[in-house]
Amino acid sequence: MLTRKNKRRLLKMFSLFSVVRGYNILVIVLAQYLASIFILSSGKTLSEILFDLNLFMLVLASAAVIAAGYIINNFYDSEKDLINRPRKTMLDRLVSQNTKLSFYFVLNFLGIIAASYVSFRAVIFFSIYIFGIWLYSHTLKKRTFVGNFVAAILAITPFFAVFVYHKNFDTVIFVHATFLFLVIMMRELVKDLENIKGDIAQNYRTIPIVYGTKTSKWLLTALAGLTIIPIYFLVNHFSIGHMYFYFYASVILLMIFLLVLWRSQAKLHYLLLHNILKLVIVAGVFCILLLDIHLVLDRI
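Here's what I pulled together on the structure shown here. (Residues numbered from 1 in each chain as written. Predicted model: local features only at pLDDT ≥ 70, side-chain atom pairs only at ≥ 80, totals over all residues. Heavy atoms only, no water.)

Before going further, it helps to spend a moment on the packing of helix H8 (residues 120–138) against helix H9 (residues 146–166). Their axes nearest at 11 Å, the elements H8 and H9 cross at an angle of 155 degrees. On the basis of the axis angle, H8 is roughly antiparallel to H9. Relative to H9, H8 is oriented so that their crossing is left-handed. Contacts from Phe125, Phe126, Tyr129, Gly132, Ile133 and Tyr136 of H8 reach H9 at Gly147, Val150, Ala151, Leu154, Thr157, Pro158, Phe160 and Ala161. Taken together, the residues of the contact of H8 with H9 break down into 11 nonpolar, three polar and no charged. (Axes fitted to C-alpha atoms, helices over the stretch in contact; angles between N-to-C directions. Helix = DSSP H or I, 4+ residues; strand = E, 2+ residues; numbered from the N terminus. Parallel < 35°, antiparallel > 145°, perpendicular 65-115°, else oblique. Left-handed = near helix turned anticlockwise from the far one by under 90°. Contact = heavy atoms within 4.5 Å. Nonpolar A, V, L, I, M, F, W, Y, C, P; charged D, E, K, R; others polar.)

If you want it as structure tokens, here you go:
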């Protein structure tokens with residue numbers, strides 16, 4: 001039977017896991033490895049990729065820095081989140097701000113140490129990434145358009161690190177990245193719609209606040225339309241195995257997204273839209289396996 005002290009410790013662990021978005025980090029780590037196996041590496045066996053210590057250190061550095069990024073973002077957004085997500089904020093506040101900041105510096109230090117194992121260029125890369133995350137959390141996220149664009153760039157940066165490591169510059173990778181970037185941009189804009197009350201209270205200059213929800217919906221519609229371009233090229237001009245099922249399903253989900261979008265008025269509707277886009281992103285990670293399921297067996 002758990003004592004009160006142990007229960008509190010357990011709650012604090014859950015709180016910290018919530019702050020660093022542990023589930024998101026697990027998905028990113030999985031995505032980096034699946035992308036390495038199915039897209040980025042060539043000629044390497046599965047064991048060579050899985051036991052590549054340099055790759056592991058890059059993934060570890062990414063995970064540590066991203067976790068630190070979630071902490072500093074939570075630190076700056078604590079007042080806004082109290083309005084937008086009161087239940088989650090109460091859980092997050094079980095861990096003190098000083099403790100969070102201590103973890104922030106420890107995780108960034110761990111990320112730099114892991115990067116230093118790979119190369120000095122990796123250290124420079126992650127140092128810039130850390131600074132970029134801090135600058136976004138402190139200032140840029142409050143600015144119209146800039147915040148959404150920078151957030152999307154920061155979200156795909158960990159994949160760029162792995163992409164450079166494998167030295168794979170195939171066009172198909174850029175087309176995949178373009179699709180992911182557009183969907184993430186949409187998600188960031190939906191988050192602005194979802195969090196509009198807290199953003200107004202904290203003097204954020206997001207697109208819905210400056211230009212209104214209708215303009216935001218038109219912009220989301222345009223971004224959804226633009227996703228058709230990379231989908232068309234991926235399905236018709238590149239060898240993507242059975243992953244075309246995923247892109248066809250994504251088109252259907254984005255159509256549902258637009259139908260819901262233009263009927264949305266309440267935060268609950270925007271939360272649904274956010275979850276649709278999250279489904280598209282997370283499903284995309286697991287559907288990397290559809291590129292060539294036999295590839296894993298051939299490389300063992």
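Once you've had a look at it, read on.
All right, on to the environment of His237 then. Mapped onto the elements of the fold, His237 is located in helix H14 (residues 228–237). The exposure class assigned to His237 is partly exposed, which follows from its relative accessible area of 49%. When the C-alpha atoms of His237 and Val172 are compared, they prove to be 9.0 Å apart, with 65 residues separating the residues in sequence. (Buried < 20%, exposed > 50% of the residue type's maximum accessible area, 1.4 Å probe, protein only.)

With that settled, the discussion passes to the packing of aromatic side chains. Considering all chains together, one arrives at 16 aromatic pairs under this definition. Their ring planes at 80 degrees and their centres at 5.4 Å tell us that Tyr232 and Phe233 sit as a pair that is edge-to-face. Their ring planes at 70 degrees and their centres at 5.7 Å tell us that Tyr244 and Tyr248 sit as a pair that is edge-to-face. Within this pair, Tyr244 and its partner Tyr248 are both found in helix H15 (residues 244–261), separated by four residues, close to a single helical turn. Overall, the relative accessible area of 29% leaves Tyr244 in the partly exposed class. (Phe/Tyr/Trp six-rings, centres within 6.5 Å; stacked < 30°, edge-to-face > 60°.)

Taking 1.5 Å of rise per residue, 14 residues should cover 20 Å, and helix H13 (residues 213–226) covers 20 Å from first to last C-alpha, within 8% of that figure. Buried residues of H13: Ser216, Lys217, Leu220, Leu223 and Ala224, and no others. In a view along the axis of H13, the buried residues occupy a sector of 120 degrees, so they form one face of it. Relative to its buried face, H13 has exposed residues pointing more than 90 degrees away, namely Lys214 and Trp218. Taken together, the buried residues of H13 touch helix H10 (171–194), helix H12 (207–211), H14, H15 and helix H16 (267–286). (Expected span 1.5 Å × (residues − 1). Arc of directions from axis to C-beta.)

Note on backbone geometry: most residues besides glycine have negative phi, and most peptide bonds are trans. One non-glycine residue, Phe145, lies in the positive phi region at around 70 degrees. Mapping Phe145 onto the fold places it in the loop between H8 and H9. Its relative accessible area of 44% is what places Phe145 among the partly exposed residues.

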